[in-house]
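Fold and contact review
One-letter residues, chain by chain:
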Amino acid sequence: MLENAMRKMFKTTSRRIAVPALLTIFLYVIAMFIVFLPHIEQSFISRKKELIRELTETVWSLVENYHERELSGELTRPEAQKRALLRIGRLRYGPEKKDYFWIADMTPRMILHPYRPDIVNKDIEEIQDSGFKTLYFSWKQVVETKGAGYVDYQWQWKDDPNKMTDKQSYIKGFQPWGWIVGTGMYLSDIYAEIDAIRNRFIVISTAILGIVLILSLYSIRQTMKADRVLMRTLIERNVLNISLKKSKERFRSLLENTSDWIWESDEKGQYTYSSPRVEALLGFSSEEAIHKTIMDFVPIDLKDLYQKTFENLLGGQKPFKGFETTCQKKTGENVVVEHNAVPVFSENGGLLGYRGVTRDITDRKKAMEELKKSRDVLRANLEETVKSLAYAGEKRDPYTAGHQTRVDRLACAIARELGLSDHQIEGLHFAALLHDIGKIALPSEFLSKPTMLSHEEHEIIKCHPQVGYDILKNIHFPWPVAEIVYQHHEYLDGSGYPRNLTDKEILLESKILTVADVVEAISSHRPYRPSLGMNTALEEIQNGRGIRYHAPSVDACLKLIKAENVDLLGLSEIGKGELRPIKNAT
């Protein structure tokens, strides 16, 4: 009996959902394919007809212009007509640039036809399309009765004389010269585009209908599930009522033996219920905890630290999670605990109090401290490793010793000025220390050569970003250090090396590093030249601002050095003294 009732209920539910869904699909199909799609197709054909009308009007205006020049005496009629024909004969339009304009006169002769030179200047009175329609008679009738209009006929397919197809043209008579100007559209093109639109509609509609169908089936299934659950609930309600008392007893047993301290409090935070776990956690019995608050277990010297937060949590009347305090056990030992609670409200919305859980997180806090120490040690080891690598590179190039450190100092100052995150700045720091690590593979005689490098030697030197990238790419930094090093000689305009990257392809950190590297390099001594001075360095980045160098980085660098917010002595000994003004400095 119950099974039959459930089966009947399922059928009713399915019908209740399926009928509206099917009706929606039916109405959608009618709207799309009987109303909306034909309207779009007709609108598309109308736009195409309007297009050839506008094109014909444009060419007609061109003929009229030459006629005006004839009337003004600037040109004779033969000259004006010849120029008009030459100009119109070259006009093409359409996706393949094969659609054209033609001109006939009332003699009748075909005066201009780009694809049928065989009928130009010949009598076209007897020319018929494949439907035996006399073309000239159709054109003449439209021009004489309306002056302009549309004509339907068959004509060769563009420049293919062996293929005939339906065509619709718009023609307009030019009375002063007795000309008929026209252009047309191939109906097969129109139908092909309409078919494409129809096919897209079919695909989209099919997808929408499929989604609607899936959603309908899903709704039916979910509803049937819900009904099944409801039926099961009705069947089991009696059993649940009988076992409710036992469940309450089991719940209380679970509550009192869980590893966390479970409690209830009033709106002032005073405990109204406490599970026995409080004794294992703090050494107080459940009875001793009643009417106390969290703050009663906090050591006296720490109360001020937590009191304000505790009051705000109670006043907020919202759930709170992760409220950590240090509590003093009955034995005097301190433990770190975490409080989580939700508010309880009366039927009229008044706050009754809170229900919450308190757990001991002392071991977890200790583990976190140990983890932090381990992380700090790892960071320190990484710092020392990177500095060792940088030092190894500088040993190959003693004349630029300290260059990487000075570039690091300036680059990080620029990054801070630009508002980069601490995480980004730390990655830039390591990249700056390692940006010339690729020089470790270069011949030492090139690095210490006291004269200018030859072109071949300079090309070898330019390989150091690639070498640096190859050295660093397999080291798993939490930042793109290898890529930053790879790009530190790339310029915004693509004139850098080794990959000729442009603005959008270059990382922000690399743009900052490039500015810092250029400033330090120009203002420092090199084996082949003395320092050019800080002013020269600043003029270089100012002149290349927005062209080779990242404009915000240049502005930040100028601001920092002018305001002496960067240790110039650390960057270059030439930086001592007052800087002279820089032209166009921002």
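Residues numbered from 1 in each chain as written. Predicted model: local features only at pLDDT ≥ 70, side-chain atom pairs only at ≥ 80, totals over all residues. Heavy atoms only, no water.

**Considerations on the overall build of the protein chain**
- The helix and strand tally for the protein chain stands at 18 helices and 10 strands.
- Expressed as a percentage of the 586 residues in the protein chain, the buried residues total 41%.
- Of the roughly 33200 Å² that the protein chain leaves accessible, carbon and sulfur atoms contribute 56%. (Helix = DSSP H or I, 4+ residues; strand = E, 2+ residues; numbered from the N terminus. Buried < 20%, exposed > 50% of the residue type's maximum accessible area, 1.4 Å probe, protein only. Areas by Shrake-Rupley, 256 points an atom, 1.4 Å probe, with all protein chains shown as cover.)

**What to know about the environment of Phe 36**
- Mapping Phe 36 onto the fold places it in helix H1 (residues 2-71).
- With relative accessibility at 38%, the residue Phe 36 sits in the partly exposed group.
- With residues up to four places along the chain from it excluded, the contact list for Phe 36 reads Ala 31 and Phe 201. (Contact = heavy atoms within 4.5 Å.)

**A word on the sheet that holds strand S8 (residues 320-328)**
- Read from one edge to the other, the open sheet built from 5 strands follows the order S7-S6-S10-S9-S8, with strand pairing classed as antiparallel. The sheet is open, and its two edges are formed by strand S7 (271-274) and S8, each paired on a single side. In this sheet, adjacent strand axes meet at a mean angle of 30° when their direction is disregarded.
- Relative to strand S10 (residues 351-360), strand S6 (residues 261-266) runs antiparallel, the two sharing 6 bridges. By the bridge assignment, Ile 262 is partnered in S10 with Val 357.
- Packed on one face of the sheet, helix H7 (residues 303-316) meets S8 and S10 and runs near 145° to S8. (Pairing = 2+ DSSP bridges. Axes fitted to C-alpha atoms, helices over the stretch in contact; angles between N-to-C directions.)

**Focus on the packing of helix H9 (residues 403-418) against helix H15 (residues 508-523)**
- Look at H9 against H15: their axes get within 8 Å of each other, and the N-to-C directions meet at 135°. Between H9 and H15, the crossing angle belongs to the class labelled oblique. Our pair here, H9 against H15, has a crossing hand that is right-handed. In this structure, H9 contributes His 403, Arg 406, Val 407, Leu 410, Ala 411, Ile 414, Ala 415 and Leu 418 to the contact, and H15 contributes Ile 512, Leu 513, Val 515, Ala 516, Asp 517, Val 519, Glu 520 and Ala 521.
- Here the residues of the contact of H9 with H15 are counted per class, giving 12 nonpolar, 1 polar and 3 charged. (Parallel < 35°, antiparallel > 145°, perpendicular 65-115°, else oblique. Left-handed = near helix turned anticlockwise from the far one by under 90°. Nonpolar A, V, L, I, M, F, W, Y, C, P; charged D, E, K, R; others polar.)

**With respect to the packing of helix H10 (residues 422-434) against H15**
- Between H10 and H15, the least distance of the axes is 10 Å, while the angle of their chain directions is 50°. On the basis of their axis angle, the class for H10 and H15 is oblique. Between H10 and H15 the crossing geometry is right-handed. Along the contact surface, H10 presents Gln 424, Leu 428, Ala 431 and Ala 432, while H15 presents Glu 509, Ile 512 and Leu 513.
- Residues belonging to the contact of H10 with H15 are distributed by class as follows: 5 nonpolar, 1 polar and 1 charged.

**Thoughts on the nonpolar core**
- Judged by nonpolar contacts, the single largest core of 41 residues is most densely connected at Ile 414, Leu 472, Val 481, Val 519, Ile 541 and Cys 557.
- Elements represented by at least two residues in this core include exactly H9, H10, helix H14 (481-486), H15, helix H16 (534-543) and helix H17 (551-562).
- Not counting chain neighbours up to four residues away, the residues in contact with Cys 557 comprise Leu 410, Ile 414, Val 515, Val 519 and Ile 541.
- One finds Met 32, Leu 62, Ala 148 and Met 185 within the second-largest nonpolar core, a separate group that totals 29 residues. (Core = buried A, V, L, I, M, F, W, Y, C linked by side-chain atoms within 4.5 Å.)

**Thoughts on the pattern of salt bridges**
- Taken as a whole, this structure holds 21 salt bridges when the rule is applied.
- A salt bridge links Asp 118 to Arg 116; the shortest N-O distance between them is 2.9 Å.
- Here Asp 118 falls in the partly exposed class, since its relative accessible area comes to 40%.
- Among the ionic pairs, Asp 555 bridges to Arg 545, the shortest N-O distance being 2.7 Å. Taken as a pair, Asp 555 in helix H17 and Arg 545 in the loop between H16 and H17 lie far apart in primary sequence, 10 residues in all.
- Classification of Asp 555 as partly exposed rests on a relative accessible area of 22%. (Salt bridge = Lys/Arg side-chain N within 4 Å of Asp/Glu carboxyl O.)

**Quick notes on unusual backbone geometry**
- With an omega of 15°, the peptide bond between Thr 107 and Pro 108 qualifies as cis.
- Within the secondary structure, Pro 108 sits in the loop between strand S1 (102-105) and strand S2 (110-112).
- The step from Tyr 497 to Pro 498 runs through a cis peptide bond, and the omega angle for that step is 10°.
- In this structure, Pro 498 sits in the loop between H14 and H15.
- One non-glycine residue, Lys 97, lies in positive phi territory at about 55°.
- Of note, Lys 97 is situated in the loop between helix H2 (77-89) and S1.
- A relative accessible area of 55% means that Lys 97 is categorised as exposed.
- Positioned with a positive phi, Asn 500 is a non-glycine residue whose angle comes to about 55°.
- In this structure Asn 500 comes out as partly exposed when scored by relative accessible area, which is 47%.

**Side note on H2**
- Taking 1.5 Å of rise per residue, 13 residues should cover 18 Å, and H2 covers 18 Å from first to last C-alpha, within 8% of that figure.
- Every buried residue of H2 is listed here: Ala 80, Gln 81, Ala 84, Ile 88 and Gly 89. Looking straight down H2, one finds its buried side chains confined to an arc of 150°; they lie on one side. The exposed residues of H2 that point more than 90 degrees off its buried face are Pro 78 and Lys 82. (Expected span 1.5 Å × (residues − 1). Arc of directions from axis to C-beta.)

**Section: a positive patch on the surface**
- On the surface, Arg 221, Lys 225, Arg 228 and Arg 232 cluster together to form a positively charged patch.
- One can find Lys 225 in helix H4 (residues 187-257).
- Judged by its relative accessible area of 35%, Lys 225 is partly exposed. (Patch = residues over 30% accessible without salt bridge, like charges linked within 9 Å, V, L, I, M, F, W, Y side chains within 5 Å. Lys, Arg positive; Asp, Glu negative; His and termini not counted. Charge placed at Lys NZ, Arg CZ, Asp CG, Glu CD.)

**A few points about helix H13 (residues 464-472)**
- Considered for burial, the residues of H13 that qualify are His 464, Pro 465, Gly 468 and Leu 472. Seen from one end, H13 has its buried residues packed into an arc of 100°, which puts them on one side.
- Where the residues of H13 are buried, they touch H10, helix H12 (455-461) and H14.

**A word on the sheet that holds strand S3 (residues 148-157)**
- Taken together, 5 strands build an open sheet; the order of strands is S2-S1-S5-S4-S3 and the sheet is antiparallel. Each having just a single partner strand, S2 and S3 make up the two edges of the open sheet. Each strand axis lies, on average, 35° off the axis of its neighbour in the sheet, ignoring direction.
- Lying on the sheet, H2 is in contact with S1, S2 and strand S5 (179-186); it crosses S2 at an angle near 70°.
- Where helix H3 (residues 135-146) meets the sheet, it contacts S1, S2, S3, strand S4 (160-174) and S5, and its direction lies at approximately 165° from that of S3.

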